[in-house]
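Tertiary structure, described
The residues making up each chain are set out below.
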Amino acid sequence: CDRSTELSSSIWKRDFVCVPLDHIANYDIEPDFKDFPFGELKSSEGVPFEIRRGKSVYQSANEKKTPFSTRLPLKPTVQNPSSAYFVINAGDAQLPQSGETIGRVELEFSDSTTQPYDLVLGKNIFEWAVNDPGNLVTKPVDGRQVVRIHSGYNTSGNDSRLNALEIPILRQNREKSL
């Protein structure tokens, strides 16, 4: 991975290419975690992520609630990708919202075509502060495994988790640049 990254996404074919998020980082994540895992982390499948001290990316589905942008462009140049991986979690992910689309990742290719990927609470995105008060969505509603990057504690002493999301690149987009 490129050592200049903060929370990073990995886009890969056979090799991993870490994409720096410095230009869109907007939130100091360190105060929320007791033992945040800075440095290189790998998912259970061996996908590397580089996490440095500093800011992470925070987005809100409700612009009225926060000043954070809902559209944050990344400009990687990766030839012939087969998958894209992101460290991604939800906050205040209430159980009544389970099954709802709470966001979207949209991949744009060199020919300007896009591949949208909906973030569905309880399917591919989950609460990071696992034991905080409330009815929070902390695991898949369908019982499948989550790709966990890190388990630790938040500043309240409750369990916290970082999860990875894989977005498979559709066959018609694999011969393009992302």
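Residues numbered from 1 in each chain as written. Predicted model: local features only at pLDDT ≥ 70, side-chain atom pairs only at ≥ 80, totals over all residues. Heavy atoms only, no water.

It is worth spelling out the pairing of strand E11 (residues 159–168) at this point. With five bridges joining them, strand E7 (residues 83–87) and E11 adopt antiparallel strand pairing. Each bridged residue has a counterpart across the sheet, and for Tyr-85 the counterpart in E11 is Glu-166. Strand direction decides the pairing type here: strand E10 (residues 147–153) and E11, joined by six bridges, are antiparallel. Bridge pairing links Val-147 to Ala-164 in E11. Hairpin connection of E10 to E11: five residues between the antiparallel strands, including Gly-157 at a positive phi of 85°. (Pairing = 2+ DSSP bridges. Helix = DSSP H or I, 4+ residues; strand = E, 2+ residues; numbered from the N terminus.)

One ladder, built from seven bridges, connects strand E8 (residues 101–108) with strand E9 (residues 114–120); its direction is antiparallel. Within E9, the position partnered with Thr-101 by the bridge is Val-120. Between E8 and E9, which follow one another and run antiparallel, lie five residues, and Ser-112 among them has a positive phi close to 75°.

Counting residues in each nonpolar core, the largest one holds 17 residues, and the members touching the most others are Phe-86, Val-105, Leu-107, Leu-119, Leu-121, Ile-125 and Ile-167. At the level of secondary structure, the elements contributing two or more residues to this core comprise E7, E8 and E11. Ignoring any residue separated from it by four or fewer positions in sequence, one finds Leu-119 in contact with Ile-88, Glu-100, Thr-101, Ile-102, Gly-103, Arg-104, Val-105, Asn-124, Ile-125 and Leu-165. Among the nonpolar cores identified, the runner-up in size contains 15 residues, and Ile-29, Phe-33, Phe-36 and Val-47 belong to it. (Core = buried A, V, L, I, M, F, W, Y, C linked by side-chain atoms within 4.5 Å. Buried < 20%, exposed > 50% of the residue type's maximum accessible area, 1.4 Å probe, protein only. Contact = heavy atoms within 4.5 Å.)

Looking now at the side chain of Ser-160. Within the secondary structure layout, Ser-160 lies in strand E11. With a relative accessible area of 1%, Ser-160 lands in the buried category. Setting aside residues up to four positions removed in sequence, Ser-160 forms contacts with Phe-33, Trp-128, Val-130, His-150, Ser-151, Gly-152, Tyr-153 and Asn-154.

This part is about the environment of Ile-169. Note on placement: Ile-169 falls in the segment after E11. Look at Ile-169 and you get buried, because its relative accessible area is 1%. For the pair formed by Ile-169 and Gln-115, sequence separation is 54 residues and the distance between their alpha carbons is 7.9 Å. Setting aside chain neighbours within four positions, we find Ile-169 in contact with Pro-81, Ser-82, Ser-83, Ala-84, Leu-107, Phe-109, Gln-115 and Arg-174.

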